[in-house]
Amino acid sequence: MWKMKDKLPAYITENVEEDLIKLVDLAKIYDTGSIKVLGLKRINLTIKRGEFVAIMGQSGSGKSTLMNILGCLDRPTMGHYYLDGIDTADLPPDDLSAIRNRKIGFVFQSFNLISRTSALKNVELPMTYAHISKKAREKRALELLERVGLGSRYEHMPNELSGGQKQRVAIARALANEPPLILADEPTGNLDTASSLEIMELFSNLHREGATVVVVTHEEDIAAFTERIIRFRDGELVSDISNIPKSPGSGEAVKQGEEMSC
């Protein structure tokens, strides 16, 4: 069993909350000098551990702002963001960085792989930052690449992989430190239809295994894989509905149409 060598504060390592994400009166204001823009307007939202959620909205809706806050890449101007019971709003930068490494696995539209290193080394990277031994992180990286169907391509460089394969490496990397949250920002935006379906089926499998997956997307067919769809418009949460997710190889998902409390 591999373990992190660095000693993180107990509040980072020990929390196991049913409500993995909780936003309370959260707002984000951008001050451009001459004008203040309200990016998010008093958002109240809860996502429980083990949910598979799509956050949707067109350009300017606030979904990217929300993604940055959920990923601890930005802070709210007002209100609170609790991640696994931790109020992240006023944490010092070092603790916030530790939370990102320990509790969030990121998957980006542009993959964000290091171009001059192998698939294996890309997956090892978060474990390197977590001070895991070379032998342990290599073993886990190989296991994760096998898990996403790339066990035989661990020595390949990113430029030797297809778009879908690059995203599989990125997903394996996101799982490296066993984070409670997988946060995917437009994960199929650079993929063809077939690869997009394969990636969403992989997320579906991870969800069935117990992962909490939040996908930020503007595509209805991608959101159809999730069990809950949250929509934003002009910085406001406008709908939150449950969904019967599309299963691998099936047809269109069927929405229940049941409004959930916002």
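Keep in mind that this is a model prediction, so the values were computed, not measured. (Residues numbered from 1 in each chain as written. Predicted model: local features only at pLDDT ≥ 70, side-chain atom pairs only at ≥ 80, totals over all residues. Heavy atoms only, no water.)

Asker: Got a minute to help me understand a nonpolar patch on the surface in this structure?
Answerer: Nonpolar side chains collect at one region of the surface, where Tyr30, Ile35 and Val37 lie side by side and expose about 250 Å² of accessible area between them. Of note, Val37 is situated in strand β2 (residues 36–48). Residue Val37 is classed as partly exposed on the basis of its relative accessible area, which comes to 39%. (Patch = residues over 30% accessible without salt bridge, like charges linked within 9 Å, V, L, I, M, F, W, Y side chains within 5 Å. Areas by Shrake-Rupley, 256 points an atom, 1.4 Å probe, with all protein chains shown as cover. Salt bridge = Lys/Arg side-chain N within 4 Å of Asp/Glu carboxyl O. Helix = DSSP H or I, 4+ residues; strand = E, 2+ residues; numbered from the N terminus. Buried < 20%, exposed > 50% of the residue type's maximum accessible area, 1.4 Å probe, protein only.)

Asker: How should the pattern of salt bridges be read in this particular structure?
Answerer: Oppositely charged side chains may form a pair once their charged atoms are brought near each other. This model, assessed by the stated rule, comprises 15 salt bridges. When the shortest N-O distance is used, the salt bridge between Arg228 and Glu51 registers 3.0 Å. Placement of the pair is Arg228 in strand β9 (residues 228–233) and Glu51 in the loop between β2 and β3 (52–56), with a sequence separation of 177 residues. Of the two residues examined, Arg228 and Glu51, each falls in the buried class. Here Arg228 and Asp240 are joined by a salt bridge, their closest N and O atoms 2.7 Å apart. Placement of the pair is Arg228 in strand β9 and Asp240 in strand β10 (residues 236–244), with a sequence separation of 12 residues. Exposure remark for Asp240: the relative accessible area of 0% places this residue in the buried category. Connected via shared salt-bridge partners are Glu18, Asp19 and Lys48.

Asker: Can you walk me through the packing of aromatic side chains in this structure?
Answerer: Geometrically, a pair of aromatic rings is defined through the distance of the ring centres and the angle of the planes. A full pass over the atoms with the stated rule returns one aromatic pair. Each ring, one from Phe106 and one from Phe108, has its centre 5.6 Å from the other, and the planes form 5°; the classification is stacked. For Phe106, a relative accessible area of 15% puts it in the buried group. (Phe/Tyr/Trp six-rings, centres within 6.5 Å; stacked < 30°, edge-to-face > 60°.)

Asker: Hey, could you run me through the sheet that holds strand β5 (residues 86–87) in this one?
Answerer: Strand pairing within a sheet occurs via backbone hydrogen bonds; the two strands may be parallel or antiparallel. What the four strands build is an open sheet, ordered β2-β1-β4-β5; its pairing is antiparallel. In the strand order of this sheet, the two ends are held by β2 and β5, each with one partner. Inspection of the sheet shows strand β1 (residues 19–31) paired to β2 by nine bridges, in the antiparallel sense. Bridge pairing in β2 places Lys22 opposite Thr46. Helix α2 (residues 63–70) rests against β1, β2 and β4 (78–83) of the sheet, and its axis sits at about 120° to β1. (Pairing = 2+ DSSP bridges. Contact = heavy atoms within 4.5 Å. Axes fitted to C-alpha atoms, helices over the stretch in contact; angles between N-to-C directions.)

Asker: What's the story with the packing of helix α6 (residues 163–174) against helix α7 (residues 193–208) in this structure? I'm lost.
Answerer: For any two helices packed against each other, the geometry is given by the interaxial angle and the distance between the axes. Contact geometry for α6 and α7: axes closest at 9 Å, N-to-C directions at 20°. In terms of orientation, α6 lies roughly parallel with respect to α7. The two elements α6 and α7 cross, and the hand of that crossing is right-handed. Counted together, Gly164, Gln167, Arg168 and Ile171 of α6 and Ser195, Glu198, Ile199, Leu202, Phe203 and Leu206 of α7 form the full contact between these two elements. Tallied by class, residues from the contact of α6 with α7 come to five nonpolar, three polar and two charged. (Parallel < 35°, antiparallel > 145°, perpendicular 65-115°, else oblique. Left-handed = near helix turned anticlockwise from the far one by under 90°. Nonpolar A, V, L, I, M, F, W, Y, C, P; charged D, E, K, R; others polar.)

Asker: Looking at this structure, I do not really get the pairing of strand β8 (residues 212–217). What am I missing?
Answerer: On any regular strand, side chains alternate: one points to one face of the sheet, the next to the other face. Counted residue by residue, β8 has six buried out of six residues, so it is predominantly covered. Side chains of β8 alternate between two faces, with Thr212, Val214 and Val216 and Val213, Val215 and Thr217 buried alike. Examined bridge by bridge, β3 and β8 share five bridges and lie parallel to one another. The residue bridging Ile55 from the neighbouring strand is Val216, located in β8. In the sheet, strand β7 (residues 181–185) pairs with β8 via five bridges, with the strands oriented parallel. Bridging from a neighbouring strand, Asp185 pairs with Val216 of β8. Each parallel crossover has a hand, and the one from β7 via α7 to β8 is right-handed. (Right-handed = clockwise from strand over helix to strand, strands pointing away.)

Asker: So what exactly am I meant to see when it comes to α6 here?
Answerer: For the α-helix, the turn length of 3.6 residues means that residues three or four positions removed from each other point alike. Here α6 is 12 residues long and its end C-alpha atoms lie 17 Å apart, about the 16 Å a rise of 1.5 Å per residue gives. Along α6, the residues classified as buried are Gly164, Gln167, Arg168, Val169, Ala170, Ile171, Ala172, Arg173 and Ala174. In this structure, the buried residues of α6 make contact with β6 (104–108), α4 (119–129), α5 (134–147), β7 and α7. (Expected span 1.5 Å × (residues − 1).)

Asker: Would you explain the confidence of the model for the protein in this entry?
Answerer: Detailed reading of predicted coordinates is not advised where the pLDDT is low. Looking at the protein as a whole, its pLDDT mean stands at 88, while 87% of the residues score no less than 70. Predicted confidence is poor over residues 1–7, with pLDDT under 50, and the contacts of this stretch with residues over four places away or in other chains come to 18 contacts. Within the model, the stretch residues 251–262 combines pLDDT values under 50 with 33 contacts to residues more than four positions away or in other chains. (pLDDT = per-residue confidence, 0-100.)

Asker: Can you help me understand the pairing of β3 in this one?
Answerer: The buried count for β3 comes to five of five residues, which makes it a mostly enclosed element. Burial along β3 is two-sided: the residues Phe52, Ala54 and Met56 and Val53 and Ile55 are all buried. Pairing of β3 with β9, which is carried by four bridges, proceeds in the parallel orientation. Opposite Ile55, over in β9, you have Ile230 as the bridge partner.

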